[in-house]
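Okay, here's what each chain looks like letter by letter:
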Amino acid sequence: MPRITKEDKARNRQNILEAAGRMFRSQGIDAVGIAELMKEAGLTHGGFYNHFASKNDLVVEVYGASFAASLGSLARTIEDGPDQDSPPLKRVVAGYLSTAHRDAPDGGCPSASLVTDAGRHSEAVQSAYAEGVEGYLRGFAAEFLREAEEKGDELDPGEARHRAIRLLSEMVGALMLARAVRHVEPELSDEILQTGRSQALD
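Residues numbered from 1 in each chain as written. Predicted model: local features only at pLDDT ≥ 70, side-chain atom pairs only at ≥ 80, totals over all residues. Heavy atoms only, no water.

- For the protein, an unreviewed UniProt entry supplies the name TetR/AcrR family transcriptional regulator and the organism Streptomyces mordarskii.

Structural data, given as structure tokens:
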């Protein structure tokens, strides 16, 4: 058999990470076995340990990669600045509490889809989640401070962080609730999202 190139190995590793990200979000970490995961990634079961020392190591990397993608999206939205319709944080909230995000439990931000699993797994997993949360809080707080300065208002950095914590908590909570009831009470699910979008930045 031909030897696997470095490029092939890197691509296979990325396939595992992406498959794990989807499956962990939609099914939960404990419900996903390595054999099932590798099949989803289009690889053999035995090949897993060529890339990761353990499932826990994979979980930590999935959290890191998932938050990196979400925080990158947040940073781009903030860098784009206000548009003619709304400031950056309003657009962030609108996207996060959208029906499209709600209806894609295997994708999107890990802050809601992986939150329960984070508390049930290793300290390394919890640290990766905490780092992602801190990334959101720093981004939100910095934007609150920028908005205040633009308006000529004074905002204490501590208060900006408190607002950031409240905003992230409201967003994550609303999305989790909306997902939990969307199949049996779709109107309630929509109401939770709509209320979250309209009230989150009040």
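Structure shown, so let's carry the discussion forward.
### With respect to the pattern of salt bridges
Here's step 1: Counting across every chain of the model gives twelve salt bridges.
Here's step 2: A salt bridge links Glu134 to Arg161; the shortest N-O distance between them is 3.0 Å. One end of the pair, Glu134, is in helix 8 (residues 123-151); the other, Arg161, is in helix 9 (residues 157-181), and 27 residues separate them in sequence.
Here's step 3: Looking at Glu134, the relative accessible area reads 30%, which means it is partly exposed.
Here's step 4: Residue Glu143 pairs with Arg146 through a salt bridge whose shortest N-O separation is 2.7 Å. Taken together, the residues span about one helical turn, with Glu143 and Arg146 both in helix 8 at a distance of three residues. (Salt bridge = Lys/Arg side-chain N within 4 Å of Asp/Glu carboxyl O. Helix = DSSP H or I, 4+ residues; strand = E, 2+ residues; numbered from the N terminus. Buried < 20%, exposed > 50% of the residue type's maximum accessible area, 1.4 Å probe, protein only.)

### Regarding the UniProt feature "domain: HTH tetR-type" (unreviewed entry) in the protein
Here's step 1: The feature "domain: HTH tetR-type" (unreviewed entry), as annotated in UniProt, sits at residues 10-70 in this numbering.
Here's step 2: Across residues 10-70, helical content stands at 67% and strand content at 0%; the span's end C-alpha atoms are separated by 22 Å. (UniProt positions renumbered as here; feature names shortened; annotations may be inferred.)

### Examining the packing of aromatic side chains
Here's step 1: Counting across every chain of the model gives five aromatic pairs.
Here's step 2: Arranged with centres 5.4 Å apart and planes meeting at 75 degrees, the rings of Phe67 and Tyr129 form a pair that is edge-to-face. Remark: Tyr129 occurs in helix 8 and Phe67 occurs in helix 3 (residues 55-80); sequence separation between them is 62 residues. Here the two residues Phe67 and Tyr129 agree in accessibility, since each one is buried.
Here's step 3: For the pair Tyr136 and Phe140, a centre-to-centre distance of 5.6 Å together with 65 degrees between the ring planes defines the contact as edge-to-face. Placement of the pair is Tyr136 and Phe140 together in helix 8, with a separation of four residues, close to one helical turn.
Here's step 4: The class for Tyr136 is buried, based on a relative accessible area of 5%.
Here's step 5: Since its relative accessible area comes to 0%, Phe140 is described here as buried.
Here's step 6: Members of the aromatic cluster, connected to one another through ring pairs, are Phe48, Tyr49 and Phe52. (Phe/Tyr/Trp six-rings, centres within 6.5 Å; stacked < 30°, edge-to-face > 60°.)

### Quick word on helix 4 (residues 88-96)
Here's step 1: Buried residues of helix 4: Pro88, Leu89, Val92, Val93 and Tyr96, and no others. Each buried residue of helix 4 lies within a common arc of 135 degrees when the element is viewed along its axis, so the set occupies one face.
Here's step 2: The inward-facing, buried residues of helix 4 contact helix 3, helix 5 (99-102), helix 6 (110-113), helix 8, helix 9 and helix 10 (186-199). (Arc of directions from axis to C-beta. Contact = heavy atoms within 4.5 Å.)

### What about the nonpolar core?
Here's step 1: In this structure, Phe24, Leu37, Leu58, Tyr63 and Phe140 are the most contacted members of the largest nonpolar core, which totals 52 residues.
Here's step 2: Of all elements in the fold, only helix 1 (6-27), helix 2 (34-40), helix 3, helix 4, helix 8, helix 9 and helix 10 reach the threshold of two or more residues within this core.
Here's step 3: With ten residues, helix 9 is the largest single contributor of residues to this core.
Here's step 4: Residues contacting Phe24, with those up to four places away along its chain left out, are Ile29, Val32, Lys55, Leu58, Val59, Val62, Leu114 and Asp117. (Core = buried A, V, L, I, M, F, W, Y, C linked by side-chain atoms within 4.5 Å.)

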